[in-house]
Amino acid sequence: MTESTWQVRIVDDRTTLARGAAEIVAAAAESAVAARGTFSLVLSGGSTPRELYRLLADEREPYRARVAWERVHLWWGDERHVPPDHEESNFRMAREVLLAHAPPVPIPAANVHRIRAEDPDAARAAAEYDALLAPLASPRFDLVLLGLGADCHTASLFPGTEALAERRRLAVSVWVEKLSTHRITLTVPALSDAAQVLFLVAGEDKAAALARVLDGDEPPESCPARAVVPAVGELIWLVARDAAFLMHGKH
């Protein structure tokens, strides 16, 4: 693949979306392991990917057996500034839904690269994650999973925040004024350094933001999700129909 490509796939509902995403993850894992012996996956937080993680972990589903779990490296696109056992922790959600349901050969603990957001100093936690990512060869990730906020944010790249302008560091802390909290997030260069980027979007409350991303011409400062485009790779928007009704229909 020599240049970036992108596509939009509209599916009927959240169930179909989760299954479509699981198929993409399984296929990406098979391809990466066959080519290089490992598969690097960046996980997303929030409610939309939860069903995807459940499908990947379920032995009754076809996806689990297609992934060579002992060769998987897990990373996180962002994290709340909370301990790993906190109810808002993205790591905790992934652990409970995916990691706790160990496949026949589980992911080695050393391959689970969580953000240590329990550190009281969010900037220090981000610097530690940046240091873990820096030595990795490009593209750093085989697949990055992302969501879309109603305000057009993705990961913890929120409109108007300084993190959007970062081009050197791969992970930074960001103060989110409307939430009155710090977050730790991968930056645009890190998220874009992937063979595939997969946005998962569902819900009527995301329709306006999706139209802004796909049909608008706003700068990333006001619509951050527009900034994440793999330089050399594939960008896929997997969209449930309830989030697609404001799109212009040209995709």
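Everything here concerns the structure above.
A. The arrangement of the overall build of the protein in detail. In terms of regular secondary structure, the protein is built from 6 helices and 9 strands. Against the 2.2 N^0.38 benchmark of 18 Å for 251 residues, the protein shows a C-alpha radius of gyration of 17 Å, consistent with a compact globule. Seen through its C-alpha atoms, the protein measures out along the principal axes to roughly 45 × 45 × 40 Å. In the protein, buried positions account for 53% of the 251 residues. Sequence separation of at least 24 residues holds for 77% of the intrachain contacts in the protein that already meet a minimum separation of 6. Of the accessible surface of the protein, which amounts to about 11200 Å², a share of 51% is contributed by carbon and sulfur atoms.

B. A look at the side chain of Arg-114. Here Arg-114 lies in the loop between helix 3 (90-99) and helix 4 (122-133). Of the polar contacts made by the side chain of Arg-114, one reaches the side chain of Glu-118; its length is 2.8 Å.

C. Summary view of the state of the cysteines. Under the criterion given, the structure shown has 1 disulfide. At a sulfur-sulfur separation of 2.0 Å, the disulfide partner of Cys-152 is Cys-223. Here Cys-223 lies in the loop between helix 6 (207-215) and strand 9 (234-240) and Cys-152 lies in the loop between strand 5 (141-146) and strand 6 (171-176), a separation of 71 residues in the sequence. Look at Cys-152 and you get buried, because its relative accessible area is 0%. We classify Cys-223 as buried; its relative accessible area is 0%.

D. Focus on the nonpolar core. Phe-39, Leu-52, Leu-143, Leu-145, Leu-186, Leu-198 and Trp-237 are the most contacted members of the largest nonpolar core, which has 86 residues in total. Broken down by element, this core gets its largest block of residues, 9 residues, from helix 1 (residues 14-36). Apart from residues no more than four positions distant in its own chain, Leu-143 is found in contact with Ile-24, Val-25, Ala-28, Phe-39, Ser-40, Leu-41, Val-42, Gln-196 and Leu-198.

E. Molecular detail of the pattern of salt bridges. Tallied over the entire structure, the rule returns 18 salt bridges. We note a salt bridge from Arg-241 to Asp-12, for which the minimum N-O separation is 3.4 Å. Residue Arg-241 is located in the segment after strand 9, and its partner Asp-12 is located in the loop between strand 1 (5-11) and helix 1; the two are separated by 229 residues in the primary sequence. Close ionic contact of Arg-124 with Asp-119 constitutes a salt bridge, the shortest N to O distance being 2.7 Å. You can call Asp-119 buried: its relative accessible area is 17%. What you see here is one network of salt bridges that share partners, running through Glu-51, Arg-54, Asp-58 and Arg-60.

F. Main features of the sheet that holds strand 9. Strands sit in the order 1-9-8-5-2-3 across an open sheet of 6 strands; the sheet is parallel. Since the sheet does not close on itself, it has two edges, and those belong to strand 1 and strand 3 (72-76), each with one partner. Ignoring strand direction, the axes of neighbouring strands in this sheet form an average angle of 15°. Alignment of strand 2 (residues 39-43) against strand 3, held across 5 bridges, turns out to be parallel. The residue bridging Leu-43 from the neighbouring strand is Trp-76, located in strand 3.

G. How the structure looks around unusual backbone geometry. For the bond running from Ser-138 to Pro-139, omega is 0°, close enough to zero to count as cis. Topologically, Pro-139 is positioned in the loop between helix 4 and strand 5. Located in the positive-phi region is Cys-152, a residue other than glycine, with phi close to 80°.

H. Representation of the environment of Phe-39 in the model. Relative to the helices and strands, Phe-39 is located in strand 2. Judged by its relative accessible area of 1%, Phe-39 is buried. Those residues in contact with Phe-39 that sit more than four places away from it in its chain are Val-25, Ala-28, Ala-29, Ala-32, Val-33, Arg-71, Val-72, His-73, Asp-142 and Leu-143.

Parameters at a glance
Residues numbered from 1 in each chain as written. Predicted model: local features only at pLDDT ≥ 70, side-chain atom pairs only at ≥ 80, totals over all residues. Heavy atoms only, no water. Helix = DSSP H or I, 4+ residues; strand = E, 2+ residues; numbered from the N terminus. Rg over C-alpha atoms; globule rule 2.2 N^0.38 Å. Buried < 20%, exposed > 50% of the residue type's maximum accessible area, 1.4 Å probe, protein only. Contact = heavy atoms within 4.5 Å. Areas by Shrake-Rupley, 256 points an atom, 1.4 Å probe, with all protein chains shown as cover. Polar contact = N/O pair within 3.5 Å; in protein donor to acceptor, adjacent residues only side chain to side chain. Disulfide = S-S within 2.5 Å. Core = buried A, V, L, I, M, F, W, Y, C linked by side-chain atoms within 4.5 Å. Salt bridge = Lys/Arg side-chain N within 4 Å of Asp/Glu carboxyl O. Pairing = 2+ DSSP bridges. Axes fitted to C-alpha atoms, helices over the stretch in contact; angles between N-to-C directions.

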